[in-house]
Amino acid sequence: MSASPEYAEQLRSVALRVTRPRVAVLEAVHAHPHADTETVITAVRAELPDVSRQAVYDVLGALSTAGLLRRIQPSGHVARYESRVGDNHHHVVCRSCGIIGDVDCAVGEAPCLTPSDHHGFVLDEAEVIYWGLCGDCAASPTSGSRP
């Protein structure tokens, strides 16, 4: 596997060495938005069968710390990873099937929402998760509507 020039440049831009596992993880997360760790491991192992679980966990951590990936963890769900970073977007989560979608910032500039009291903090980001039922689950007779 040759490193995608785009992914290699992303790694170099944050002073990370270009390695096969790092490129494979970036490719996996770009291909599977809001992927959980198991999905990333499966995708990476399709390219690099001998990569360890721990290596994938380590790469996900390093890429998240470097700002190339964003880790989200809606309440009651496993951590998910996405490649859409730096724009302070939010998420919508289906209570029934767990699918996650992106929601652009509602209005204005980051942090998108102005709290009634910032308690002396200098705010630079807001994280909002909208909960409900996706269209498929809302239409399903087994899901029904939630009170």
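What comes next is a walk through the structure. Values in this document were obtained by computation on a predicted structure and should not be read as measured data.

Calculation rules
- Residues numbered from 1 in each chain as written.
- Predicted model: local features only at pLDDT ≥ 70, side-chain atom pairs only at ≥ 80, totals over all residues.
- Heavy atoms only, no water.
- Helix = DSSP H or I, 4+ residues; strand = E, 2+ residues; numbered from the N terminus.
- Buried < 20%, exposed > 50% of the residue type's maximum accessible area, 1.4 Å probe, protein only.
- Areas by Shrake-Rupley, 256 points an atom, 1.4 Å probe, with all protein chains shown as cover.
- Expected span 1.5 Å × (residues − 1).
- Contact = heavy atoms within 4.5 Å.
- Salt bridge = Lys/Arg side-chain N within 4 Å of Asp/Glu carboxyl O.
- Pairing = 2+ DSSP bridges.
- Axes fitted to C-alpha atoms, helices over the stretch in contact; angles between N-to-C directions.
- Parallel < 35°, antiparallel > 145°, perpendicular 65-115°, else oblique.
- Left-handed = near helix turned anticlockwise from the far one by under 90°.
- Nonpolar A, V, L, I, M, F, W, Y, C, P; charged D, E, K, R; others polar.
- Arc of directions from axis to C-beta.

Describing the overall build of the protein chain
Moving on, step 1. Across its full length, the protein chain holds five helices and six strands.
Moving on, step 2. Across the 147 residues of the protein chain, 33% fall into the buried class.
Moving on, step 3. Carbon together with sulfur atoms contributes 51% to the accessible area of the protein chain, which is approximately 8,900 Å² in total.

Side note on helix α4 (residues 53–65)
Moving on, step 1. Between its first and last C-alpha atoms α4 spans 18 Å; for 13 residues at 1.5 Å apiece the expected length is 18 Å, and the two agree.
Moving on, step 2. Against the buried residues of α4 lie α1 (5–13), α2 (20–31), α3 (37–47) and β3 (80–82).
Moving on, step 3. With its phi angle positive at about 85°, Gly-67 sits one or two positions after the end of α4.

Some thoughts on the pattern of salt bridges
Side-chain pairs of opposite charge can arise whenever the charged atoms involved come near each other.
Moving on, step 1. For the structure shown, the criterion picks out five salt bridges.
Moving on, step 2. Glu-38 is the salt-bridge partner of Arg-53, the closest N and O atoms lying 2.2 Å from each other. With Arg-53 in helix α4 and Glu-38 in helix α3, this pair connects stretches of sequence that are 15 residues apart.
Moving on, step 3. With a shortest N-O distance of 2.5 Å, Arg-84 and Asp-87 are connected by a salt bridge.
Moving on, step 4. Through salt bridges with shared partners, one network takes in Arg-84, Asp-87, Asp-102 and Asp-104.

So, the sheet that holds strand β4 (residues 90–94)
One key point about sheets: their strands pair by backbone hydrogen bonds, in either a parallel or an antiparallel sense.
Moving on, step 1. Here three strands make up an open sheet; going across it, the order is β5-β4-β6 and the pairing mixed. Every other strand in the sheet has two partners, leaving β5 (100–103) and β6 (129–132) as the edge strands with one partner each. Averaged over all pairs of adjacent strands, the angle between strand axes in this sheet comes to 25°, irrespective of strand direction.
Moving on, step 2. The sheet contact formed by β4 and β6 spans four bridges and is parallel. Bridging from a neighbouring strand, Val-92 pairs with Tyr-130 of β6.

A word on the packing of α1 against α2
Axes are the key here: two packed helices are described by the angle between their axes and the distance separating the axes.
Moving on, step 1. Closest axis-to-axis distance for the α1/α2 pair is 10 Å, and the angle between their directions is 115°. Relative to α2, α1 is oriented roughly perpendicular. Considering only the axes of α1 and α2, their crossing is right-handed. Mapping the contact onto sequence places Tyr-7, Gln-10 and Leu-11 in α1 and Arg-22, Val-23, Leu-26, Glu-27 and His-30 in α2.
Moving on, step 2. Residues that form the contact of α1 with α2 fall into these classes: four nonpolar, two polar and two charged.

Here's the deal with α1
Moving on, step 1. Among the residues of α1, those classed as buried are Tyr-7, Ala-8, Gln-10 and Leu-11. Projection of α1 onto a plane perpendicular to its axis shows the buried side chains occupying an angular sector of 160°, all on one side. Turned more than 90 degrees away from the buried face of α1 sit Pro-5, Arg-12 and Ser-13, all of them exposed.
Moving on, step 2. Where α1 is buried, its residues contact α2 and α4.

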